[in-house]
Amino acid sequence: MNCNDWITGFLASDPPRSKSLVVTIFGDAIVPHGGMVWLGSLIELLAPFGVNDRLLRTSVFRLAQEGWLGAQRDGRRSSYAITPPAMARFVHAYRRIYAPLNVHWDGSWTLILNGDGALNAAERSAVRKELLWEGYSVIAPGIMGHPAADGPALDELLKRLGVAGKLFVVQGKAMRQVSGRALSDLVADGWDLSGVAQGYQQFIAQFEPLLAAVRAAEAEGALAPQQAYVVRTLLIHAYRRVQLHDPQLPVELLPTPWPGALAYELTRAIYQAVYAAAEQHIDATLRREDSAAPAAEPAFFDRFGGLA
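Residues numbered from 1 in each chain as written. Predicted model: local features only at pLDDT ≥ 70, side-chain atom pairs only at ≥ 80, totals over all residues. Heavy atoms only, no water.

Asks: Residues and numbers for the overall build of the protein chain, please.
Replies: Along its length, the protein chain carries eleven helices and seven strands. For the protein chain, whose C-alpha radius of gyration is 21 Å, the value lies close to the compact-globule estimate of 19 Å for 308 residues. Each of the 308 residues in the protein chain was classed as buried or not, and the buried ones make up 45%. A fraction of 81% describes how many contacts in the protein chain between residues 6 or more apart in sequence connect residues 24 or more apart. When the accessible surface of the protein chain is summed, it comes to about 15,300 Å², and 54% of that surface belongs to carbon and sulfur atoms. Across the protein chain, the centroid of the 28 positively charged side chains sits 6 Å from that of the 30 negatively charged ones. (Helix = DSSP H or I, 4+ residues; strand = E, 2+ residues; numbered from the N terminus. Rg over C-alpha atoms; globule rule 2.2 N^0.38 Å. Buried < 20%, exposed > 50% of the residue type's maximum accessible area, 1.4 Å probe, protein only. Contact = heavy atoms within 4.5 Å. Areas by Shrake-Rupley, 256 points an atom, 1.4 Å probe, with all protein chains shown as cover. Lys, Arg positive; Asp, Glu negative; His and termini not counted. Charge placed at Lys NZ, Arg CZ, Asp CG, Glu CD.)

Asks: Help me get a handle on the side chain of Ser79, residues and values and all.
Replies: For Ser79, the position within the fold is in strand 3 (residues 77-82). Look past the residues within four positions of Ser79 in its chain and what remains in contact with it is Met36, Val37, Trp38, Leu39, Gly70, Ala71 and Gln72.

Asks: Would you mind going over the sheet that holds strand 2 (residues 69-74) in detail, with residue names and values included?
Replies: Whether parallel or antiparallel, the strands of a sheet pair through hydrogen bonds between backbone atoms. Spatial strand order, 1-3-2: three strands in an open sheet with antiparallel pairing. Only two strands of the sheet have a single partner each, and these edge strands are strand 1 (36-38) and strand 2. With strand direction ignored, the average angle separating the axes of adjacent strands in the sheet is 25°. Relative to strand 3, strand 1 is paired through three bridges, and the arrangement is antiparallel. By the bridge assignment, Trp38 is partnered in strand 3 with Ser79. Each of strand 1 and strand 3 touches helix 3 (residues 39-46); the most contacted strand, strand 1, lies at about 90° to it. (Pairing = 2+ DSSP bridges. Axes fitted to C-alpha atoms, helices over the stretch in contact; angles between N-to-C directions.)

The structure is reproduced here in C-alpha cells:
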C-alpha cells in the first residue's frame, strides 16, 4: 500500500467532519504561522479532503458564532483568526497532543470542592463539563479530582468560567499514620479507561500501515508536499480525537502496557517523517494569498519532544 492508497481508503471509510477538520488545521498548521489565514488559502488547504467552498464557509461561520474564530474583511477578501479567548484553549489542547508522555505521580491528588454551594446551577454544570473534558473525575458528590492536575491550566479554566475564588482547590496525600485504602484505588473507581484504550488500539491498527508507506515513499523520494500535508493533517486529526478523551493520568497509575504510549510513538514517527514536506505546502499555500505570511514559529519545532 502506498500513501495515496492509504489516504483514499481513509477518506472513504472515515471522512472527517469539516468543522472539526478546520479546528485541526488551525491548531496544527495555522497557529504556528501566526494564527490568521485568508479564506482563499483556507479553501485551498481544505480542498484535498473533499471539503468544498460552501461547506467550508458554513463551518467557519459556525466556529465564529461559537467564539472560536474572528473574521475580518479587506475589500472583497475575508480572513479568519483564532480569537484571543479561544487561543488559550487551543494552546493548552495542542500542548497536550504534542507533549511527551512523562507525567509522573507524586502520590497526591488535586481535589475541587463546592463545599458551601457558592456556584449556581449553570456554573456547576459548566465547571463539571469543563473539568471532565480536562480529565477530572467525580470522586464524590460535589468533589472532582485528578492525580496530576495542571495548575496553570486549572487556574485559566476557573477564571474563564468566572468561578475563580468560588471553589476550594486543595492537594492531599494519604496519611502515613492511618490505615486507609491506597489512593491509587481512586483511579479504578473514577475512570473507565477501556474506551480510551480501545480508541488507541484502533488508531494504531489504522496508522501502522501508513508509517510503512511513508517510509517507503521517503526512501524513493516520492513524498510530495501536498501529500505530506494531507498525511500530517489526517494523522493529527485522528490522534486528537482519541487523545483528548484520555484523562492524562500519571504513568504509574495506567494499565501496563498502555496503548497510549505506542500510539504516541507512532504519531511522533509519522509526524517526524512528513512535517518538513508538509510545511512546504503550507508555506506556499499561505503565501499565495499573503506574500508576507510568516514561517512557522520556533516553538513549532518543539513538538513531540523536538522535530529533527
